[in-house]
Amino acid sequence: MTVEDVVVDTIVYAGVAIAFVVTLYPFLFVLSMSISDPVAVARREVFLLPKGFSLAAYRTVLSDPVVIRSYYNTLWYTAVGTALNLVFTVMAAYPLSKRNFSARGVLMFLIVFTMFFSGGLIPLFVLVVKLGLYGTRWAIVIPPLIATFNLIICRTFFQTLPEDLFESARIEGAGEWRIVWKIVLPLSKPIVAVLVLFYGIAHWNSFFPALLYLPKADLQPIQIYLRRVLIQASPEAVQQFETGEAGEGIMAMVQIKFAVMIVAMLPILLLYPSCRSTSSRAC
């Protein structure tokens, strides 16, 4: 290796190391804050590694029936929403990938048009109300049924599949539904894994539609609960505890928000590497 190669490799490795530390530090900080001693957390003595050890915040969070209900709602929205997203995205992308589909150009123009221009928030809200979705679970999963960007990348992937396979299947008497189920989907594991990741993360992290369409607390996801905890655990409350003017309630509230963060992000942390490995094996 030449001197230039060594310098370039050093710069690249240093950049990757910095990006790794910057990305990992927030997660380690939140994790350390959630399992540290509550007194050390309130005194702001935790910077990277935990100070002491306590699972009181997790016991409080997991024993709250509101958290369990909110967690179930989020799991429902993510599972059902992602499944519907996959079905309708594949159903729309497959015909749009066919060059002999005469209306493909017009439909793609109308679909891409929605990426740049939309009716706005108020018309969407009125539409949800008129369709009878307001205050129901379907208000979270039906409006974002197909994401335009995901449809485009799925359609592009389908265009790379050899047309000869489809022609051979048609000669053998297979219909389009059978072709999609027996040929397209088995060959499309990489893009399916990507769509699961994109749609799953979007559903899990979504909270604004729930604020608009779900007035009942029984249907609200965990992100709404997390938002409520973050707002209640204000800096004024932390300062009040530090000065000794508050008791265990404030101390618990300071640490509970970090525990809720970990509980809320843990499934996505587990889902992401599994989807990545599935995509890599399929490729």
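Residues numbered from 1 in each chain as written. Predicted model: local features only at pLDDT ≥ 70, side-chain atom pairs only at ≥ 80, totals over all residues. Heavy atoms only, no water.

(A) The UniProt feature "transmembrane region" (unreviewed entry) in the protein, seen in detail. Here the UniProt feature "transmembrane region" (unreviewed entry) sits at residues 12-34, 46-62, 74-94, 106-126, 138-158, 179-202 and 250-272. Between the C-alpha atoms that bound residues 74-94 the distance is 29 Å, and the span itself is 100% helix and 0% strand. Overall, residues 106-126 shows 81% helix and 0% strand. The separation of its end C-alpha atoms is 27 Å. (UniProt positions renumbered as here; feature names shortened; annotations may be inferred. Helix = DSSP H or I, 4+ residues; strand = E, 2+ residues; numbered from the N terminus.)

(B) Main features of the pattern of salt bridges. Enumeration over the complete set of coordinates arrives at five salt bridges. Arg69 serves as the salt-bridge partner of Asp218, at 3.5 Å between the closest nitrogen and oxygen. With Asp218 in the loop between α12 (208-213) and α13 (222-232) and Arg69 in helix α4 (residues 65-96), this residue pair connects regions lying 149 residues apart in the sequence. Note on Arg69: relative accessible area 29%, which makes it partly exposed. Because the salt bridges share partners, they merge into one network encompassing Lys98, Glu163, Glu167, Arg170 and Glu176. (Salt bridge = Lys/Arg side-chain N within 4 Å of Asp/Glu carboxyl O. Buried < 20%, exposed > 50% of the residue type's maximum accessible area, 1.4 Å probe, protein only.)

(C) Looking closely at the packing of helix α5 (residues 104-116) against helix α8 (residues 148-159). Look at α5 against α8: their axes get within 9 Å of each other, and the N-to-C directions meet at 145 degrees. Between α5 and α8, the contacting residues are Arg104, Met108, Ile111, Val112, Thr114 and Met115 on the first element and Thr148, Leu151, Ile152, Arg155 and Gln159 on the second. For the contact of α5 with α8, the residue count by class is six nonpolar, three polar and two charged. (Axes fitted to C-alpha atoms, helices over the stretch in contact; angles between N-to-C directions. Contact = heavy atoms within 4.5 Å. Nonpolar A, V, L, I, M, F, W, Y, C, P; charged D, E, K, R; others polar.)

(D) Focus on the layout of surface pockets. Of the voids in this model, the largest pocket is the one considered here, and its volume is about 840 Å³. Listing elements by their share of the lining of the largest pocket, those giving two or more residues are α5, α6 (121-130), α7 (138-141), α8, α11 (189-205) and α12. Per-element tally for the lining of the largest pocket: the top contributor is α6, with five residues. Of the residues contributing to the lining of the largest pocket, the split by class is 24 nonpolar, eight polar and no charged. A volume near 280 Å³ is recorded for the second largest pocket. Forming the walls of the second largest pocket are Leu86, Val87, Val90, Met91, Tyr94, Pro95, Glu176, Trp177, Val180, Trp181, Leu185 and Val192. Looking at the lining of the second largest pocket, the elements that each hand over two or more residues are α4 and α10 (176-187). Examining the composition of the lining of the second largest pocket, we find that six residues originate from one element, α4, more than from any other. When grouped by side-chain class, the residues that make up the lining of the second largest pocket number eleven nonpolar, no polar and one charged. (1 Å grid on protein atoms, 1.4 Å probe; cavity = no way out; pocket = protein on both sides within 12 Å on 5 of 7 lines; lining within 4 Å. Points joined across faces, edges and corners; volume = space filled by probe spheres on them.)

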